[in-house]
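Spelled out, the chains give:
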Amino acid sequence: MIKNQNRSKWFGASDTSTIMGNWDTETFKNWWAIKLGFKDKGASSWIMDCGNIMEIPIIRFIEKQEGKKIKIGRHPYYKFSLRLRVNYDGLRKNEVVEIKTTSRIWKSVPKNYWQQCQVLMWKKHKARTGLYVYLMEETDYLRPYFPDIDPKRLTRREIEFDESFINNEYLPRLKYLASCLRAKKFPKVEEYEQVFGKAS
């Protein structure tokens, strides 16, 4: 649950696909300018706002359906040395709970969401994510504060923690980008590869 919309000076779990992507693109350059505080994130869309608004009602519905309490993510968790600030939709004793709303059914979990969930699990030492996906209809966007959750449109996907991805792929890149952010310089693939080896 994200309350602070200022994305500068910190990396979030939702940034993982950008961290793991191509650093030579305009998309990355714009994202890096936001991280340095030179640009703001820009206006969010009503579709994105509705997804955020509906997170807690969906979580409460899941609690009733499954009979298991979910702790709402009220504040971020930090890893200061890596400039990492992680927000959670929900937490259980044995898993992260992540809520996504979508206008179309996924055949498989999108890679960017899988990567985001890996970071969420790593920060809180959880072995699994319960990824709940809610299929939105047009009427949902008219009344997101008081939604009628349809159980037929709610599905659960389970994602297991991948230690190899975190240790061998994600953390080296995050460590380098954190050093660049502190130095207020643009990351260079060549420099990264000198320290950590060829970027994957």
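Within each chain, residue numbers correspond to sequence positions counted from 1 in written order. Local features in this predicted model are restricted to residues of pLDDT 70 or higher, and side-chain atom pairs are both shown and tallied only at a pLDDT of 80 or more, whereas totals for entire chains, interfaces and linings draw on every residue. Hydrogens and water are ignored here; the side-chain numbers use all heavy atoms of the structure.

Undergrad: How should I be thinking about helix α5 (residues 111-124) in this particular structure?
TA: An α-helical segment advances 3.6 residues per turn. Residues three or four places apart therefore align on the same side. The helix count covers DSSP runs of H or I at least four residues long, the strand count covers runs of E at least two residues long, and both are numbered beginning at the N terminus. An expected span of 1.5 Å times one less than the residue number is assigned to each helix. The first and last C-alpha atoms of α5 sit 21 Å apart over 14 residues, in line with the 20 Å expected at 1.5 Å per residue. Following α5 by one or two positions, histidine 125 adopts a phi angle in the positive range, close to 55°.

Undergrad: Is there a simple way to think about the sheet that holds strand β7 (residues 154-160) in this case?
TA: The pairing criterion for strands is at least two bridges between them, as found by DSSP. Reading across from one edge, β1-β4-β5-β6-β7 is the order of the five strands in this open sheet, with mixed pairing throughout. Each edge of the open sheet carries a strand with a single partner, namely β1 (71-72) and β7. By definition, residues are in contact when any of their heavy atoms lie within 4.5 Å. Axes, fitted as lines to C-alpha atoms, cover a helix only where it is in contact. Angles between the N-to-C directions of the axes lie from 0 to 180 degrees. Seen against the sheet, helix α4 (residues 55-66) touches β1, β4 (90-91), β5 (96-102), β6 (128-135) and β7 and runs at an angle of roughly 120° to β5.

Undergrad: Just checking my understanding: could you explain the packing of helix α3 (residues 46-53) against α4 for this structure?
TA: The axes of two packed helices give the description: the angle between them and the distance between them. Running from amino to carboxyl end, α3 crosses α4 at an angle of 35°, the nearest separation of the two axes being 4 Å. Touching Gly51, Asn52 and Ile53 of α3 are Glu55, Ile56 and Pro57, all from α4. Note on residue classes: Ala, Val, Leu, Ile, Met, Phe, Trp, Tyr, Cys and Pro are nonpolar, Asp, Glu, Lys and Arg are charged, and everything else, Gly too, is polar. Broken down by class, the residue content of the contact of α3 with α4 amounts to three nonpolar, two polar and one charged.

Undergrad: What is the right way to look at the pattern of salt bridges in this model?
TA: Any two side chains of opposite charge can pair, so long as their charged atoms come close to each other. Salt bridges are identified by distance alone: a Lys or Arg side-chain nitrogen within 4 Å of an Asp or Glu carboxyl oxygen. Scanning the entire structure with this criterion turns up 15 salt bridges. The partner of arginine 60 in a salt bridge is glutamate 63, with the nearest N and O atoms 3.1 Å apart. Residue arginine 60 and its partner glutamate 63 are both found in helix α4; the two are separated by three residues, about one turn of the helix. Accessibility here uses a 1.4 Å probe with only protein chains present; expressed as a share of the type maximum, an area under 20% marks a residue as buried, one over 50% as exposed, and anything in between as partly exposed. Since its relative accessible area comes to 29%, arginine 60 is described here as partly exposed.

Undergrad: What's the story with helix α2 (residues 26-36) in this structure? I'm lost.
TA: Restricting attention to buried positions, one finds in α2 the residues Phe28, Trp31, Trp32, Ala33, Ile34, Lys35 and Leu36. Turning to α2, the residues buried within the fold contact α1 (16-19) and α6 (163-183). Positioned one or two residues after α2, glycine 37 has a phi angle of 85°, which is positive.

Undergrad: So what exactly am I meant to see when it comes to the side chain of lysine 123 here?
TA: Tracing the sequence through the fold places lysine 123 in helix α5. We score Asp and Glu as negative and Lys and Arg as positive, and we do not count His or the chain ends. Summary of buried charges: lysine 123 has no salt-bridge partner, and the nearest side chain of opposite charge, glutamate 98, is 15 Å away. Within the structure, lysine 123 has its side chain in polar contact with the backbone oxygen of tyrosine 78 (distance 3.4 Å). Any pair of N or O atoms that falls within 3.5 Å is considered a polar contact. Within protein, one atom must be able to donate a hydrogen and the other to accept it, and sequence-neighbouring residues count only if both atoms are side-chain atoms.

Undergrad: Whenever I open this one, the packing of aromatic side chains confuses me. Can you help?
TA: Remark: the centre distance and the inter-plane angle together describe each pair of aromatic rings, the angle taken between the planes. Between 30 and 60 degrees the pair is tilted, below 30 it is stacked and above 60 it is edge-to-face, where a pair is any two Phe, Tyr or Trp rings, Trp via its six-membered ring, whose centres lie within 6.5 Å. The final tally for this structure, using the stated rule, is 18 aromatic pairs. Geometrically, the ring pair formed by tryptophan 10 and tyrosine 78 is edge-to-face, given 5.0 Å between the ring centres and 65° between the ring planes. Of the two residues, tryptophan 10 is situated in the segment before α1 and tyrosine 78 in strand β2 (residues 77-79); the sequence distance between them amounts to 68 residues. Residue classification places tryptophan 10 among the buried positions, given a relative accessible area of 14%. Here tyrosine 78 falls in the partly exposed class, since its relative accessible area comes to 33%. Among the aromatic side chains, those forming a connected cluster through ring pairs are Phe11, Trp23, Phe28, Trp31, Trp32, Tyr176, Phe186, Tyr192 and Phe196. In this structure, arginine 83 is placed above the aromatic ring of tryptophan 10, and the distance from its NZ or CZ to the ring centre is 3.7 Å. Both a distance and an angle decide whether a charge sits over a ring: NZ of Lys or CZ of Arg must be within 6 Å of the ring centre and within 35 degrees of the ring normal.

Undergrad: Quick question: what am I supposed to make of the pairing of β5 here?
TA: Two faces belong to every sheet, and in a regular strand the side chains alternate between them. Most of β5 sits out of view: six of its seven residues are buried. Bridging between β4 and β5 involves two bridges; their strand directions are antiparallel. Following the sheet pairing, leucine 91 is matched in β5 by valine 96. Counting the residues between successive antiparallel strands, the hairpin from β4 to β5 contains four residues.

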